[in-house]
Amino acid sequence: MSDFGFSKKLRLLGAADFQPVFKNARYKVSCQQLLLLAYDSDTPFPRLGLVIAKKNIAKAVQRNRVKRILRESFRHNQSLLPTLDIVILARSGLGALTSEQIRKKIERHWVDLIHKAGKTSETRDNENAG
RNA sequence: CGAGUCAGCUGGACAGUCGCUGCUUUGAUUUCUUCGGUUUGCGUCUCUGGCGCAUUUUGAGGUGCGAGGUGGAGGAAAGUCCGGGCUCCAUAGAGCAGAACGCCAGGUAACGCCUGGGAGGCGAAAGCCUACGGAAAGUGCAGCAGAGAGUAGACCGCCAACCCCGAUGCAAAUCGGGCGGUAAGGGUGAAAGGGUGCGGUAAGAGCGCACCGCGCGACUGGCAACAGUUCGUGGCACGGCAAACCCCGUUCGGAGCAAGACCAAAUAGGAAUCCAAGGGUGUGGCUCGCACUGGAUUCGGGUAGGUUGCUUGAGGCUGACAGUGAUGUCAGUCCCAGAUGAAUGACUGUCCACGACAGAACCCGGCUUACAGGCUGACUCAAUUU
RNA sequence: GGGUCGUUAGCUCAGUCGGUAGAGCAGUUGGCUUUUAACCAAUUGGUCGAGUGUUCGAGUCACUCACGACCCA
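Residues numbered from 1 in each chain as written. Chains lettered and ligands numbered in written order. Predicted model: local features only at pLDDT ≥ 70, side-chain atom pairs only at ≥ 80, totals over all residues. Heavy atoms only, no water.

Some words on the overall build of chain A
Each helix and strand in chain A was counted, giving three helices and four strands. The 130 residues of chain A split such that 38% are buried. Sequence separation of 24 or more characterises 78% of the internal contacts of chain A that already satisfy a separation of 6 or more. Carbon together with sulfur atoms contributes 51% to the accessible area of chain A, which is approximately 7,700 Å² in total. (Helix = DSSP H or I, 4+ residues; strand = E, 2+ residues; numbered from the N terminus. Buried < 20%, exposed > 50% of the residue type's maximum accessible area, 1.4 Å probe, protein only. Contact = heavy atoms within 4.5 Å. Areas by Shrake-Rupley, 256 points an atom, 1.4 Å probe, with all protein chains shown as cover.)

Shown next, in the form of structure tokens:
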């Protein structure tokens, strides 16, 4: 397996994978058009799930475009990410942005997520040690 | 040249790197799993053998993994407006109700679609548009305005012949009034009960006649709708609205792949058979019919999730033949998305006309709506310009 | 994906059989009251979601489109 693949192992499949992330969303990163939720994964690699509601992005072409950009960005940056189950929710207005704008937004969110996960894991390690 | 009409095609191209997914070939025999053989041991029985359990080894297949090959959104995939296939409800049947359609003929699996023809309308033409059956079966509707709105109607106007009264007059007659006559003109309205002309008359009027229009009948042509420089006949009797009810003809059972089938954690709400009642439910109502609720007896049911349905089909392409055409028949050839938290993309480079609307979700046939541009063919030409 | 329904004043809703679109609340003005609220009176405000058609005339009838809501494993 290369460092840039995106097989079914790296996706969240079914409600069983999604529910823990929604219920105990330890890490949250958001902006006006995007919301990222994440929780520690059971697997030794990060996993991605997308929730793109028809209500928020009406046209199928726009929904497909957004999903492709988000998946592609995850695929390229997966080796940098901590081992989390990540759910990305689209909010209304995302479909109006250009592909370049969405790519920049999600890359900024990856960085934020790495920082947050790093800090909390440190504090947790300290608690465990003490 | 330019303007326009119709029909059809196309919907950025090429190269490299990375990525997703179906199918297929192949590798390693690492994960899980199904079926079969083999070795050894134990148990058991109807004991030269069979069966069961464990174990050894091996073959075939599935699944996951690696590598290679190959396929991977649309003309509208959309809206869900119609029609089918398919699936379940009884095998989808009978009557009523309801709905849809509606010039004629043909095509089709079927249609509200398509083709050809007719009629009416628009245009200079090519051509385009039309829910286009019946108002001489019935019931209705038409506010306001207007005298009158449907087997008509005297507001203004026109007339004063006939009849009656009065005045003048010898009388003829004239004037005024009454009883009236009149649908040509004005006015109202969306709509006022054929049109034009001549005759006729007190003034008028299909009252009469001619022509036009209309109705009915015949004849001719056409499968028919319908048409006619045809003939006869009727003074016209028959105004509009059925996207008002309705009548006539034709068609239609209901629901949908989230249909349905299979495997099945959890949980216990059960399932099958028999019996009684005819209340409740079912994908519109009633009848028939089916299932459930109730009681008894006997043992298995099926939510999350998964698998399947799932792509070879009224299929595409090419040719021949039949037909004005839609289309059909025959022959050859091809396999052309099948995802399921949901694939067909990202980046880089080059080129040009600098890329619109937009993403399959069971599958087809249509219709409708959205759409940057580009290409091809056929046809028309009034005015203007050359 | 499939099915069902809705759109009328700033808001919540009427509008039967086609004939000049109403009610309540809100707003504005005036009155009452020392003032506000309440009350009383008057008044403003509508391309009837968009377009096309039928009709003399459409909120209403028909068709096309847009937007919104709900249901089905």
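Let's talk about the nonpolar core
Membership of the largest hydrophobic core comes to 27 residues, with the highest contact counts inside it found for Leu36, Phe74, Ile86, Ile88, Leu94, Trp110 and Leu113. Counting residues per element, the ones that place at least two in this core are β1 (27-30), β2 (34-40), α2 (60-77), β4 (84-90) and α3 (99-129). The leading source of residues in this core is α3, at five residues. Every residue in contact with leucine 36, bar those within four places of it in the chain, is listed here: Tyr27, Lys28, Val29, Ile86, Val87, Ile88, Ile106, His109, Trp110 and Leu113. Leu12, Leu35, Val87 and Leu89 belong to the second-largest nonpolar core, a separate cluster that totals seven residues. (Core = buried A, V, L, I, M, F, W, Y, C linked by side-chain atoms within 4.5 Å.)

Some remarks on the pattern of salt bridges
Counting across every chain of the model gives four salt bridges. Across the pair arginine 75 and glutamate 72 runs a salt bridge, and its minimum N-O distance is 2.4 Å. Of this pair, arginine 75 and glutamate 72 both sit in helix α2, three residues apart, which is roughly one turn of the helix. Looking at glutamate 72, the relative accessible area reads 35%, which means it is partly exposed. (Salt bridge = Lys/Arg side-chain N within 4 Å of Asp/Glu carboxyl O.)

Focus: the protein's contact with RNA strand B
As a matter of local geometry, RNA strand B sits amid 22 residues, with Leu12, Lys59, Asn64, Arg75 and Arg103 nearest to it. If you look at RNA strand B and keep only atoms within 4 Å of the protein, 72% of those are sugar or phosphate atoms. Taking phenylalanine 6, its main chain carries an N or O atom lying 3.4 Å from a phosphate oxygen of RNA strand B. Interatomic distance of 3.4 Å between a side-chain N/O atom of glutamate 72 and a base nitrogen of RNA strand B. Of all elements in the fold, only α1 (15-23), β3 (47-51) and α2 reach the threshold of two or more residues within the surface near RNA strand B. Looking at the surface near RNA strand B element by element, the count peaks at seven residues for α2. Grouping the constituent residues of the surface near RNA strand B by class yields nine nonpolar, five polar and eight charged. (Near = heavy atom within 4 Å. Polar contact = N/O pair within 3.5 Å; in protein donor to acceptor, adjacent residues only side chain to side chain. Nonpolar A, V, L, I, M, F, W, Y, C, P; charged D, E, K, R; others polar.)

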